[in-house]
Amino acid sequence: MDTVRALKEANEQYRREHEWIQQEAKAEQERLITEAKVEQEKLMVEAIIEQEKLIAKARAEKVLRQDKLMAKIDAL
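Not measured: the values here are computed from a predicted model.

Novice: Got a sec to walk through the overall build of the protein chain? Specific residues and values, please.
Specialist: Scanning the protein chain from terminus to terminus reveals one helix and zero strands. Against the globule reference of 11 Å for 76 residues, the protein chain gives a C-alpha radius of gyration of 33 Å, more extended than a compact globule. Considering only C-alpha atoms, the protein chain reaches an extent of 110 × 10 × 5 Å along its principal axes. Going through the 76 residues of the protein chain one by one, you find that 0% of them count as buried. Element-wise, carbon and sulfur atoms account for 60% of the exposed surface of the protein chain, whose accessible area totals about 7,500 Å². In the protein chain, 15 side chains carry a positive charge and 17 a negative one; their mean positions are 7 Å apart.

Novice: Tell me about the environment of Gln40, residues and numbers included.
Specialist: With respect to the helices and strands, Gln40 occurs in helix α1 (residues 2-75). Taking relative accessible area as the criterion, Gln40 reaches 52% and is therefore assigned exposed. Along the sequence, Gln40 and Trp20 sit 20 residues apart, while their C-alpha atoms lie 30 Å from each other.

Novice: Got a sec to walk through the pattern of salt bridges? Specific residues and values, please.
Specialist: A complete count under the given rule lists six salt bridges for this structure. As a salt-bridge pair, Glu12 and Arg16 come within 3.6 Å of each other at their nearest N and O atoms. Taken together, the residues span about one helical turn, with Glu12 and Arg16 both in helix α1 at a distance of four residues. Since its relative accessible area comes to 30%, Glu12 is described here as partly exposed. Relative accessible area serves as the criterion here: at 41%, Arg16 is assigned to the partly exposed category. Within the structure, one salt-bridge network assembled from shared partners comprises Glu12, Arg15, Arg16 and Glu19.

Conventions adopted
- Residues numbered from 1 in each chain as written.
- Predicted model: local features only at pLDDT ≥ 70, side-chain atom pairs only at ≥ 80, totals over all residues.
- Heavy atoms only, no water.
- Helix = DSSP H or I, 4+ residues; strand = E, 2+ residues; numbered from the N terminus.
- Rg over C-alpha atoms; globule rule 2.2 N^0.38 Å.
- Buried < 20%, exposed > 50% of the residue type's maximum accessible area, 1.4 Å probe, protein only.
- Areas by Shrake-Rupley, 256 points an atom, 1.4 Å probe, with all protein chains shown as cover.
- Lys, Arg positive; Asp, Glu negative; His and termini not counted.
- Charge placed at Lys NZ, Arg CZ, Asp CG, Glu CD.
- Salt bridge = Lys/Arg side-chain N within 4 Å of Asp/Glu carboxyl O.

Written out as structure tokens, the structure reads:
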């Protein structure tokens, strides 16, 4: 009888530990997902800023080329 009781107690202890491990793993997974989302948002903002810089640079270069072309036309 004591052996059965001891096995039941050990099984219950194992079940509690297993549930605790699963809860810890789930919490860690949620933390990592949140971190990944924050990092993804940060990278998206950086990419948008870089894209805006490149667009502004391209526009400035276009204006400069147009001005040079107009200067050449005026010189002719």
